[in-house]
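# Report on the structure
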Amino acid sequence: MMRPTRAVLLTIAALLLAAGISCDRQTLDARRFVNRGVEALERGQGDVAYDFFTQAIALDKTNPAAHYHLGLVYAYERQQPERAKACFEEVLRLAPTDSDTLYQLGVLARKAGKPKQARDYLARAAKSAKASAQLAYELALVDEAAGDLGLMDKGLRDAIRYDPAFEPAYYELANLYTKLNEHERALAVINEAMQLDPDL
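In what follows, the accompanying structure is described. (Residues numbered from 1 in each chain as written. Predicted model: local features only at pLDDT ≥ 70, side-chain atom pairs only at ≥ 80, totals over all residues. Heavy atoms only, no water.)

### Concerning the side chain of D60
- Structurally, the position occupied by D60 is in the loop between α2 (46–59) and α3 (64–77).
- The buried charged residue D60 lacks any salt bridge partner; its closest oppositely charged side chain belongs to R31, at an N-O distance of 6.0 Å.
- A polar side-chain atom of D60 sits 2.6 Å from a polar atom in the side chain of T62. (Helix = DSSP H or I, 4+ residues; strand = E, 2+ residues; numbered from the N terminus. Buried < 20%, exposed > 50% of the residue type's maximum accessible area, 1.4 Å probe, protein only. Lys, Arg positive; Asp, Glu negative; His and termini not counted. Salt bridge = Lys/Arg side-chain N within 4 Å of Asp/Glu carboxyl O. Polar contact = N/O pair within 3.5 Å; in protein donor to acceptor, adjacent residues only side chain to side chain.)

Structure below.
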């Protein structure tokens, strides 16, 4: 069996090095595209953001942030929940405990009329994320969808406890009490919110 010559070994080494450099450049370029996409999304330029995220994925299919933010574009800019779900599921394949992705899947499931699935995703998100008003609020909306208004009440109160300035929780809580014909409690919640923000 012939042994490779020194020249052949050097050639192979050079090719492997070049491939590694190329891979690193693609990874870095993908990250740059993601950053530009996020900036575009913050400016409300959904189509521009979409182009950046798809370019990032073309360069690096293992970039979870690119899939996640593309999912946000599909979910909130293009109103395409199934495509958003596919993006978020790809993130979970790459990062199974990512709390932001689990949260987004929970929101999609709730909006699709699947409260049990939504609760499962949100419970998993809660295990890997710090308790927050947004998460408690979303869980409360799931409780409402499941018809458990007692848990909804508690969830909204939890959201206010985590962040006393979280306005959506006050609105939903007042609306809940109004539906239950508990008008005095609804008025108390409204007054509580107005103390925080007189412009409400």
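### Some points on the nonpolar core
- Counting residues in hydrophobic clusters, the biggest one holds 35 residues, and the most contacted among them are F53, L70 and F88.
- For this core, the element with the highest residue contribution is α3, accounting for seven residues.
- For L70, the contacting residues outside a window of four places in its chain are Y50, F53, T54, I57 and C87.
- In this structure, A140, F166, V189 and A193 belong to the second largest nonpolar core, which totals 19 residues. (Core = buried A, V, L, I, M, F, W, Y, C linked by side-chain atoms within 4.5 Å. Contact = heavy atoms within 4.5 Å.)

### A few points about unusual backbone geometry
- One non-glycine residue, Q79, adopts positive backbone phi at about 55 degrees.
- Mapped onto the elements, Q79 comes out in the loop between α3 and α4 (81–94).
- Since its relative accessible area comes to 57%, Q79 is described here as exposed.
- Positive phi, close to 60 degrees, is recorded for N181, a residue that is not glycine.

### A word on the packing of aromatic side chains
- Scanning the model with the defined rule gives four aromatic pairs in all.
- Centre to centre, the rings of Y68 and F88 are 5.7 Å apart; their planes meet at 50 degrees, and the pair counts as tilted. Of this pair, Y68 sits in helix α3 while F88 is found in helix α4, placing the two residues 20 residues apart along the sequence.
- Overall, Y68 belongs to the buried group, its relative accessible area being 14%.
- The class of F88 is buried, set by a relative accessible area of 0%.
- Ring plane angle 70 degrees and centroid distance 5.4 Å describe the contact between Y137 and F166, whose orientation is recorded as edge-to-face. Within this pair, whereas Y137 is found in helix α7 (residues 133–145), its partner F166 is found in the loop between α8 (149–162) and α9 (167–179), the two being separated by 29 residues in sequence.
- Against the face of Y50 rests R78, its NZ or CZ located 3.9 Å from the ring centre. (Phe/Tyr/Trp six-rings, centres within 6.5 Å; stacked < 30°, edge-to-face > 60°. Lys NZ or Arg CZ within 6 Å of the ring centre and 35° of its normal.)

Everything listed here is a matter of geometry and, on its own, says nothing about what the molecule does.
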